[in-house]
Amino acid sequence: MSEKFEAILLEHETLNKLIKEKDLNTFVKFPSIDTFSAEFIDWLSPQYYDAFVEIYTTHLGSKKESKVVKLINSTWFCNAETTDRIVAFLSERLDTTAELSKQLNKKITGNKNLEDILNVSGSMVNDVLNYVNKAIFEKEHPVIIEKKNEILNNSLGVCEALKHFKASSEIEFQMFNGILDRLKNIKLNTEQQARYDACISKSKSSSNKYAIVTVIIAIIVIIRMIARFAN
């Protein structure tokens, strides 16, 4: 049976490379998992787990981290048992991220210190809402969903703290919009979506007011210049 499954795997170049060489490129197209029988997937699952862990640990934090994002975003060629093993493997990262998001939310609430705001905002973008975590968030697994919701609730809490700054507070406003941009393509639950929409509404309103004020100031400056030359 093993020889039969090895022959099937050889027929699919991209999947074979993933399993045998523990490598993939970011433009790879894998076959549909429906192509294979349950028996084949059961046989493949332990090998897939080993390849997943190898690629993750090798490329995470490197210049080739996009391989990790691609792997997580792609179909997982494994059975339910191995899926749970992968989720358990990723859970340590999610636990760390959840704790960090909690601390960042706590630190920025009511805080107007610019250095703290910059540090919190930078960490939200780079350490909490980075592309690896966003890829993990897309997986519809109960454990991931629970941790994802905790992280997103804290992330939205940071946005709501920054929401109170006016657009004229340029740096804080840019940080606010930067975090909103990272949240943009993440699937939110109903409550989270309402909180996100409120932040987006504030962002648009403040941007419009800031633009109007900028235009008015520019017009006043031009009028004064014209008056000065006229005299």
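In this text the structure is predicted, and so the values were computed from the model without any measurement.

Caption draft 1: The arrangement of the confidence of the model for the protein in detail. Averaged over all residues, the pLDDT of the protein equals 88, while 86% of them reach at least 70. Per-residue pLDDT stays below 50 along residues 207-231; that stretch engages in four contacts with residues further than four places along the chain or on separate chains.

Caption draft 2: Focus on the environment of Lys-29. Along the chain, Lys-29 falls in the loop between α2 (13-21) and α3 (38-59). With 14 residues separating them along the chain, Lys-29 and Leu-15 place their C-alpha atoms 8.9 Å apart.

Caption draft 3: Looking closely at the nonpolar core. Counting residues in hydrophobic clusters, the biggest one holds 61 residues, and the most contacted among them are Leu-15, Tyr-48, Trp-76, Leu-129, Ile-179 and Leu-183. It is α3 that contributes the most residues to this core, ten residues altogether. Setting aside residues no more than four positions away along its own chain, Leu-15 makes contact with Leu-9, Phe-30, Pro-31, Phe-36, Leu-44 and Phe-77.

Caption draft 4: Representation of the pattern of salt bridges. A complete count under the given rule lists eight salt bridges for this structure. A salt bridge links Lys-187 to Glu-140; the nearest nitrogen and oxygen atoms lie 3.8 Å apart. Within this pair, whereas Lys-187 is found in the loop between α9 (170-183) and α10 (190-230), its partner Glu-140 is found in the loop between α7 (131-137) and α8 (142-162), the two being separated by 47 residues in sequence. The residues Lys-187 and Glu-140 share a single accessibility class, namely exposed. As a salt-bridge pair, Lys-184 and Asp-181 come within 3.2 Å of each other at their nearest N and O atoms. Lys-184 gets classed as partly exposed once you look at its relative accessible area, which sits at 47%. For Asp-181, a relative accessible area of 42% translates into the label partly exposed.

Caption draft 5: How the structure looks around a nonpolar patch on the surface. Together, Leu-114, Leu-118 and Ile-171 make up an exposed nonpolar region whose accessible area comes to about 210 Å². Inspection of the secondary structure assignment puts Ile-171 in helix α9. Residue classification places Ile-171 among the partly exposed residues on the basis of a relative accessible area of 36%.

Caption draft 6: Structural detail: α3. For α3, spanning 22 residues, the distance from its first C-alpha to its last is 30 Å, which sits close to the expected 32 Å at 1.5 Å a residue. If you look at α3, its biggest bend is around 40°, right at Ser-45, and the proline Pro-46 turns up within four residues after that. At the exit of α3 stands Gly-61, carrying a positive phi of roughly 80°.

Caption draft 7: Structural context of a negative patch on the surface. Taken together, Glu-39, Asp-42, Glu-81 and Asp-84 make up a surface patch of like negative charges. The set of elements that each furnish at least two residues to the negative patch consists of α3 and α5 (80-108). Within the fold, Glu-39 resides in helix α3.

Caption draft 8: Representation of the packing of α3 against α5 in the model. At a closest axis distance of 9 Å, the pairing of α3 and α5 adopts a crossing angle of 20°. Considered as vectors, α3 and α5 are oriented roughly parallel to each other. α5 is crossed by α3, and the crossing has right-handed handedness. Residues Ser-45, Pro-46, Tyr-48, Tyr-49, Phe-52, Val-53, Tyr-56 and Thr-57 of α3 pack against Thr-82, Arg-85, Ile-86, Phe-89, Leu-90 and Arg-93 of α5. The residue makeup of the contact of α3 with α5, split by class, is nine nonpolar, three polar and two charged.

Quick notes on the rules
- Residues numbered from 1 in each chain as written.
- Predicted model: local features only at pLDDT ≥ 70, side-chain atom pairs only at ≥ 80, totals over all residues.
- Heavy atoms only, no water.
- pLDDT = per-residue confidence, 0-100.
- Contact = heavy atoms within 4.5 Å.
- Helix = DSSP H or I, 4+ residues; strand = E, 2+ residues; numbered from the N terminus.
- Core = buried A, V, L, I, M, F, W, Y, C linked by side-chain atoms within 4.5 Å.
- Buried < 20%, exposed > 50% of the residue type's maximum accessible area, 1.4 Å probe, protein only.
- Salt bridge = Lys/Arg side-chain N within 4 Å of Asp/Glu carboxyl O.
- Patch = residues over 30% accessible without salt bridge, like charges linked within 9 Å, V, L, I, M, F, W, Y side chains within 5 Å.
- Areas by Shrake-Rupley, 256 points an atom, 1.4 Å probe, with all protein chains shown as cover.
- Expected span 1.5 Å × (residues − 1).
- Bend = angle between axes of the 7 residues up to and from the residue.
- Lys, Arg positive; Asp, Glu negative; His and termini not counted.
- Charge placed at Lys NZ, Arg CZ, Asp CG, Glu CD.
- Axes fitted to C-alpha atoms, helices over the stretch in contact; angles between N-to-C directions.
- Parallel < 35°, antiparallel > 145°, perpendicular 65-115°, else oblique.
- Left-handed = near helix turned anticlockwise from the far one by under 90°.
- Nonpolar A, V, L, I, M, F, W, Y, C, P; charged D, E, K, R; others polar.

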